[in-house]
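# An overview of the molecular structure
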Amino acid sequence: MDELAAALSAASLNSPSRHQPSLGDGAEAAPNAGASDGTEVRAAVVLQEACAKHRYIRNDDIETIVERPERLRAVRTGVAAAIARLATTSPSGLVSSLSSLSISAQPSPTTLFSSPINIIHSTARAPLLSHPATQFIHAFTPPSPPAKPYPDVLHAIAAESAEKIAREEVEVPDEWPQGDLYLCPDSVEAIEGAIGAVCEAVDLVVANAAARRQPPTTAQPGPDARSPPGPTRTFVAIRPPGHHCGEDAPSGFCWVNNVLISSAHAHLSHSISHIAIFDIDLHHGDGSQSITWDVNAETARKELELAARRAALSNKRKSGGGGVTSDPLAGESPGPKIFYSSMHDIESFPCEDGNPERVRNASVVLSAHGQNISNVHLDSFKSEADFYARCYPRYKDALLGRARAFLAGVPPEKALILVSAGFDACEHEGVGMSRHGKHVPVSFYETFARDASAFADELADGKLVSALEGGYSDRALSSAAFAWVTGLGADTATPTGSSQDWWTVKNLEKLEAATKRPKRRTAKPPSLPADPWVQLARDIFLSISPASEALPPPPQPRPPPPPRTMTLRDRGPKQAAGGSASLQSTPTRAASEKAAMPQTADKVLLAGRGRDRDWQAADATGWDESPLAERTASAGSTSAAAPVVLSARLAEVEEAAGLRTPTSEQVARALQVSQPAASPTPPAGPSSPDSPPLPAGPSSPDSPPLPEDGLTIRPQVSSATSESPLAARAASGQVKGIRIVGTFAKDQDEDNGRTE
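Residues numbered from 1 in each chain as written. Predicted model: local features only at pLDDT ≥ 70, side-chain atom pairs only at ≥ 80, totals over all residues. Heavy atoms only, no water.

## Thoughts on the packing of helix 7 (residues 187–213) against helix 8 (residues 258–270)
What counts is decided by this rule: Working convention: axes come from line fits to C-alpha atoms, limited for helices to the stretch in contact. Angles between N-to-C directions cover 0 to 180 degrees. In DSSP terms, a helix is any run of H or I states spanning at least four residues, a strand is any run of E spanning at least two, and both are numbered starting from the N terminus. Every angle not falling under 35 degrees, over 145, or within 65 to 115 is termed oblique; those three ranges are roughly parallel, roughly antiparallel and roughly perpendicular. Two helices that cross are described as forming a left-handed crossing if the nearer one is turned anticlockwise from the farther one by less than a right angle, and a right-handed crossing if clockwise. When checking whether two residues touch, look at their non-hydrogen atoms; a contact exists if any pair is within 4.5 Å. All residues other than Ala, Val, Leu, Ile, Met, Phe, Trp, Tyr, Cys, Pro, Asp, Glu, Lys and Arg, Gly among them, are scored as polar; the first ten of these are nonpolar and the last four charged.
Running from N to C, helix 7 and helix 8 cross one another at 45°; their axes reach a closest spacing of 9 Å. In this view, helix 7 runs oblique relative to helix 8, as classed from their interaxial angle. Remark: the crossing between helix 7 and helix 8 carries right-handed chirality. Only Asn 258, Ile 261, Ser 262, His 265, Ala 266 and His 270 of helix 8 make contact with helix 7, whose side of the interface consists of Ala 194, Ile 195, Val 198, Cys 199, Val 202, Asp 203 and Val 206. Residues of the contact of helix 7 with helix 8, tallied by class, amount to eight nonpolar, four polar and one charged.

Given below as structure tokens:
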């Protein structure tokens, strides 16, 4: 574990490199060969970013839209967890994986993770109007061609969807289920990307299976040595799903049938003759079964026709006519043969309303008349042990057992296994979708992936392509994808059960917490997970996700806050011998940051404190640079010229006056206002005969001098009388919350009895 911890600290895990390798159209299998370190790559996960362009645009309320491409984020979470778990099975695998996640490195798809899983970012597109496999499935002509092929209709409806919604119309035609379907102008690109990705996966597994059939090389290890064969098992994470879509009848969120199109592509491009489909979605794939029936019926018809032609040709040879020496029909194929099997809840869509035809179709088991159909219904179970003892053997026999009979005698290179990997039967699916209590445990997806992979290894050269179908809860999608990819990447020779505790609820919660997206931009980013496998899963998730879905960086230590530069004034210690408490002021900013105070100011408006803020404006004659003692003496009388000391924050004065904070020297001489000399006789105090004697002015020998850092102003004297208007207002109780030193007694707050 020391080596593991060192790798965790050395790897730049917060922002791993993101790569987008793609086979592209007509790409070769070489870029997806096994890992260069000798690790056998058994499976590949194909991602397609174009699927995100299929959006619901009727309104902004998407909470009720259970099928939307944003669900693919949960699938990527499960894929990342599977890769991390398979890499952490051995310490060396984890160390190698962590070392490859450097910010500066640009790893290739073969060396990004030292695990049995490859990641492929597909950019392939299959044009809806011209792709041969799409036309084969959705423009099927027998027995009578439609007036306009379905792909053309779909393309036209999507193109005008925004305009119809702008006119407050529904973009989906009335004859189609508008509650299940939606379109936008970019939906065609998403659909074409989904088809392109699944057909690309077929190309990959066929090419890699052919490479595996090559005899092993005898080259010595070195730069010229041949890499291990590439993966022959794939999982294609795409949306929208497809298994409910018939030839020209979209339904159940499905616009085209991705899996059936991939079967046609395998036949048309790679001469695959036998395709076995395992549908493990919660719902019956009525569209897939309908297309399978039509394709098989046409293939059976062509087989009979070819048999009749060959019989006629044989009779002609026997009669000695025509000089025929070769078989002109040898290279002619009647068409693909498809085995379709489905494990589903008979009480759920499309059979939920009890429609007799749909219920009958979802219960067909038939191997005759060219048809190979097998349906099995889900049962409830009491425990996981009960599921594997009673339910799973029946499901496995209905799918794999009957498929074995279908592929008997077929050359493995002519066979292909396809899986409609719906994850809505998972035990974590929401009750709104799985409301009849028919589901499977998470471990089913690993178990069946292992069994299907072993089946493909035995009968189809290992060729297995699985494509995402349903799944409408984030936890159902992430946990099932976790288990499914784990099963694809597992060594089928090893026993099952070693990974059963990987997808416990506790571990799933850790995974969700590590990869969740904050609801607000300002939300606190998730902290780095403590478990090494969760941390690795988080970084793998980041590396395979679009840049638009990147998580915020983990929290960094905050620097200490700068020292506070603006403080409230503190009261100084009380003076001895009955003197009044002095007020001290602290400069609000460092002197070095202040420009010089302006030399003149016409008006200084003092913002008061307390109830009465209507203090008068004082004419300012400039900042007197003379010492405080000279300024107080120049008033002519200490008692008449006693300054008024205001217990106000210097910041309030600065803000109200619109001036910058004075320097420390100017603070000591703040806001002096000149006034004419007054009578040496102190003005009368309050009219009460019991009034206490007034304190001496600041220049009196009996009183201490004013602090030089105090904020002082001398009251303005009215032209009509020698009495200061401000002093008079204070004396009459009109001004509260100030202290006047040397002229008036302290004013007591009438509200609470405090002396300000």
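## Let's talk about the pattern of salt bridges
The following threshold applies: Only one rule defines a salt bridge in this text: a Lys or Arg side-chain nitrogen within 4 Å of an Asp or Glu carboxyl oxygen. Burial classification: accessible surface area is computed with a 1.4 Å probe over protein chains only, and a residue below 20% of its type maximum counts as buried, one above 50% as exposed, and the rest as partly exposed.
Evaluated as defined, the whole model comprises 25 salt bridges. A salt bridge links Arg 239 to Glu 67; the shortest N-O distance between them is 3.2 Å. Of this pair, Arg 239 sits in the loop between strand 3 (233–237) and helix 8 while Glu 67 is found in the loop between strand 1 (43–48) and helix 2 (72–87), placing the two residues 172 residues apart along the sequence. A salt bridge links Asp 474 to Arg 71; the nearest nitrogen and oxygen atoms lie 3.2 Å apart. With Asp 474 in helix 13 (residues 474–489) and Arg 71 in the loop between strand 1 and helix 2, the pair connects residues that are 403 residues apart, well separated along the chain. Classification of Arg 71 as buried rests on a relative accessible area of 12%. Connected through shared salt-bridge partners, Glu 40, Arg 42 and Arg 212 make up one network.

## What about the environment of Ser 273?
Tracing the backbone shows Ser 273 in the loop between helix 8 and strand 4 (274–279). Distance from Ser 273 to Val 410, taken between C-alpha atoms, is 8.7 Å for residues 137 residues apart in sequence. With residues up to four places along the chain from it excluded, the contact list for Ser 273 reads Pro 336, Lys 337, Val 410 and Lys 414.

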